[in-house]
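Structural overview
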Amino acid sequence: MDYGALTLNIERILKARGISKNQICKDLDIPRANFNRYCRNDFQRMDTGLICKLCWYLKVEAGELIEYKRPEQMKDKNVSHGEI
């Protein structure tokens, strides 16, 4: 059964704040390839340490960074499946 998925709003937040992926990866010592997967919502599990780093760096709450998509929302927007 499809229960939906968690998606990350990293791209939207970075764009709104004018922060480049290169800059955040450098500042937080995150491998760019891994970060890109999170930006594309192409992950199987979330790294809680990374989520904490992103919340701290972006000054957001976890609920602003992580969003739950119901199965019917995902079909409409063709969102990738991510799981914790």
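Just above sits the structure.
Quick summary incoming for the structure in this document. (Residues numbered from 1 in each chain as written. Predicted model: local features only at pLDDT ≥ 70, side-chain atom pairs only at ≥ 80, totals over all residues. Heavy atoms only, no water.)

The secondary structure content of the protein chain amounts to 6 helices and 2 strands. Put simply, the protein chain runs from its N terminus to its C terminus through helices and strands in the order β-α-α-α-α-α-β-α. Burial statistics for the protein chain: of 84 residues in total, 39% are counted as buried. Of the roughly 5,700 Å² of accessible surface on the protein chain, a fraction of 49% belongs to carbon and sulfur atoms. (Helix = DSSP H or I, 4+ residues; strand = E, 2+ residues; numbered from the N terminus. Buried < 20%, exposed > 50% of the residue type's maximum accessible area, 1.4 Å probe, protein only. Areas by Shrake-Rupley, 256 points an atom, 1.4 Å probe, with all protein chains shown as cover.)

Here the focus is the environment of Gly4. For Gly4, the position within the fold is in the segment before strand S1 (5-8). Classification of Gly4 as buried rests on a relative accessible area of 18%. The spatial distance from the C-alpha of Gly4 to the C-alpha of Lys75 is 9.6 Å, given a sequence separation of 71 residues.

A few words on the pattern of salt bridges. The tally for this structure, following the rule as stated, stands at 4 salt bridges. Where Arg40 meets Asp42, a salt bridge forms, and the shortest distance between an N and an O atom there is 3.5 Å. Looking at Arg40, the relative accessible area reads 47%, which means it is partly exposed. Exposure remark for Asp42: the relative accessible area of 38% places this residue in the partly exposed category. Its salt-bridge partner being Glu72, residue Arg70 comes within 3.2 Å of it at the nearest N-O pair. You can call Arg70 partly exposed: its relative accessible area is 45%. Since its relative accessible area comes to 44%, Glu72 is described here as partly exposed. (Salt bridge = Lys/Arg side-chain N within 4 Å of Asp/Glu carboxyl O.)

Now for the environment of Asn41. Position of Asn41 relative to the elements: it lies in the loop between helix H3 (32-39) and helix H4 (48-58). Residue Asn41 is classed as buried on the basis of its relative accessible area of 10%. Placed 33 residues apart in sequence, Asn41 and Leu8 show a C-alpha to C-alpha distance of 6.3 Å.

Side chains Ala5 and Thr7 project from S1 onto one buried face, and the interleaved Leu6 and Leu8 project onto a second face that is buried too. Note: S1 against strand S2 (residues 66-69), 4 bridges, orientation antiparallel. Looking across to S2, one finds that Thr7 is bridged to Glu67. (Pairing = 2+ DSSP bridges.)

Attention now goes to the nonpolar core. Membership of the largest hydrophobic core comes to 22 residues, with the highest contact counts inside it found for Leu8, Ile10, Ile24, Phe35, Leu54, Leu58 and Leu65. Listed by contribution, the elements that provide at least two residues to this core are S1, helix H1 (10-17), helix H2 (21-28), H3 and H4. Examining the composition of this core, we find that 6 residues originate from one element, H4, more than from any other. Contact partners of Ile24, with chain neighbours within four places excluded, come to Leu14, Ile19, Phe35, Leu54, Tyr57 and Leu58. (Core = buried A, V, L, I, M, F, W, Y, C linked by side-chain atoms within 4.5 Å. Contact = heavy atoms within 4.5 Å.)

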